[in-house]
Amino acid sequence: MNVTHLECANCHANYEARTLQNLCIKCGKPLLVRYDLTKAGETLTKDSLKNREDNLWRYREVLPVENAENIVSFGEGWTPLLKAQRLAETLPIKLNLFIKDESQNPTQSFKARGMSAAVSMAKELGATKLAVPSAGNAAGALAAYASRAGLEAHIFMPSDTPRANVVECQQTGAFVTLIDGLITDCGAEVAKRKEAEGWFDISTLKEPYRIEGKKTMGYELAEQFDWNLPDVILYPTGGGTGLIGMWKAFDEMEAFGWIDSKRPRMVSVQSDGCAPIVRAFHAGERFAGEFENAATVASGLRVPKAIGDFLILDALHKSGGTAIAVRDEQLILAVKEIGTAEGLFVAPEGAACLPALRMMIEQHSVKETERVVIFNTGAGVKYLECF
Ligand SMILES: *Cc1c(COP(=O)(O)O)cnc(C)c1O
Ligand SMILES: [Zn+2]
């Protein structure tokens, strides 16, 4: 309703928003949604939020759907921000530690946020067949939202994807193809066949709307912290959509006058078996090269080449944050540590934030009493093979 246009995040070319778009035709990079924020701010105010629905559509003025009838929702978003007192007590310094528990989303991961927005828009703009390469949770979310919208979902996953992700897609009506390879190979298969098959490619950041759904994590954090953003955010990074989305949300909220120019230090956490962002960040590169022989049990982090790499790296640098790789053994151990202290059975991706935080403490890059948020991006129960 307040969308003005789409803008290339790299070359700033503008595109029409009311038609299906993928990447920038000029430079091949992601398109971002731009809004008339003055108009949006006429009805979207801090006060107005007090009486709104407890899902991400509470921020509808800064979401892209024009006609509310096209919204495809299971009640995603507005997940709890849990104070993690007992886990904090296991750390060598005193921190105000929180877990944003995204496992409570429909289909048990934060992929639901992006898919709710993207499938709603695909429906609104007339797509009927959606295709996606996925490391697991995106597939489960797409399958669910597509079925609810009455659209076809064509899903391509590595054959060693956690079994829960494969079965949930099959049981919610998707067409599932398993590929001997990585998510990048799955993406290549979608790219090769989409034209002939009439599929709309809903790969993360290859269409403009999944990031809009995921950016609501930034709005929620601000609202849940009473408009005072935390000092540090640790984010398990694959494609980086959520991190880029939150960064975009912070700018929008600053434009509304809701927050000042201070930003949390953004920290990308990866597995050392697939750490393209960590490598590029420490080498001072603007883009991240493909990570060879990518391997990690944290399947959501197994993204050897992210199309939004430069946007992730920008946010890390501008925020004074960093990028940290942890070993798979560490992140698996951390699942039990978090579970024992807090009673949450977290996804291995989310668990990776704990050893990363310990490394930050050792390096004195987080200080006593700072407010630190760990993102638990999914549910441990989908990864039984890991335990
Ligand atoms: C997809 C996924 C990630 C990575 O998310 P991005 O926003 O693509 O970086 C992390 N954790 C889980 C559980 C995921 O499914
Ligand atoms: Zn461009």
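Residue numbers run consecutively from 1 along every chain, following the written order of its sequence. Lettering of chains starts at A and numbering of ligands starts at 1, both following the order in which they are written. Reporting in this predicted model follows two pLDDT cut-offs: at least 70 for local features of residues, and 80 or more for side-chain atom pairs to be given and counted; totals over whole chains, interfaces and linings ignore these cut-offs and use all residues. Hydrogens and water are ignored here; the side-chain numbers use all heavy atoms of the structure.

Chemist: Just to check I follow, could you spell out the layout of surface pockets for this structure?
Modeler: In this approach the atoms are scanned with a rolling probe the size of a water molecule, which exposes any empty space left behind. Site definitions follow a grid-based scheme: protein atoms alone, a 1 Å grid, a 1.4 Å probe that fits but cannot get out for cavities, and for pockets an open set with protein on both sides within 12 Å along at least five of seven lines, plus lining residues having an atom within 4 Å of a point. Grid points are joined across faces, edges and corners, and a volume is the space filled by probe spheres set on the points. As a volume, the largest pocket reaches approximately 590 Å³. Around the largest pocket, the lining comprises 39 residues; the ones closest to its centre are Ile183, Thr204, Gly238, Gly239 and Val303. By definition, any uninterrupted DSSP run of H or I lasting at least four residues is a helix, any uninterrupted run of E lasting at least two residues is a strand, and each is numbered from the N terminus. Of all elements in the fold, only helix H4 (137–149), helix H6 (183–197), helix H7 (210–224), strand E10 (232–236) and helix H8 (241–255) reach the threshold of two or more residues within the lining of the largest pocket. No other element matches H6, which puts four residues into the lining of the largest pocket. Of the residues that constitute the lining of the largest pocket, the class distribution is 15 nonpolar, 18 polar and six charged. Taken as a whole, the second largest pocket holds about 410 Å³ of empty space. In terms of lining residues, the second largest pocket is bounded by 19 residues, among which Leu32, Arg34, Trp247, Lys248 and Asp251 are the most central. Of all the elements in the fold, those that place two or more residues in the lining of the second largest pocket are strand E3 (31–35), H8 and helix H10 (309–318). If one sorts the elements of the lining of the second largest pocket by residue count, H8 sits on top with six residues. Looking at the lining of the second largest pocket residue by residue, the classes come out as eleven nonpolar, one polar and seven charged. Under the grouping applied here, Gly and all other residues not named as nonpolar or charged are polar, the nonpolar ones being Ala, Val, Leu, Ile, Met, Phe, Trp, Tyr, Cys and Pro and the charged ones Asp, Glu, Lys and Arg.

Chemist: How should the side chain of Ser103 be read in this particular structure?
Modeler: By secondary structure assignment, the location of Ser103 is in the loop between strand E5 (96–101) and helix H3 (111–124). Note on contacts: a residue pair qualifies if any of its non-hydrogen atoms lie within 4.5 Å across the two residues. Leave out the neighbours within four places in its chain, and Ser103 touches Gln108, Asn376, Gly378 and Ala379.

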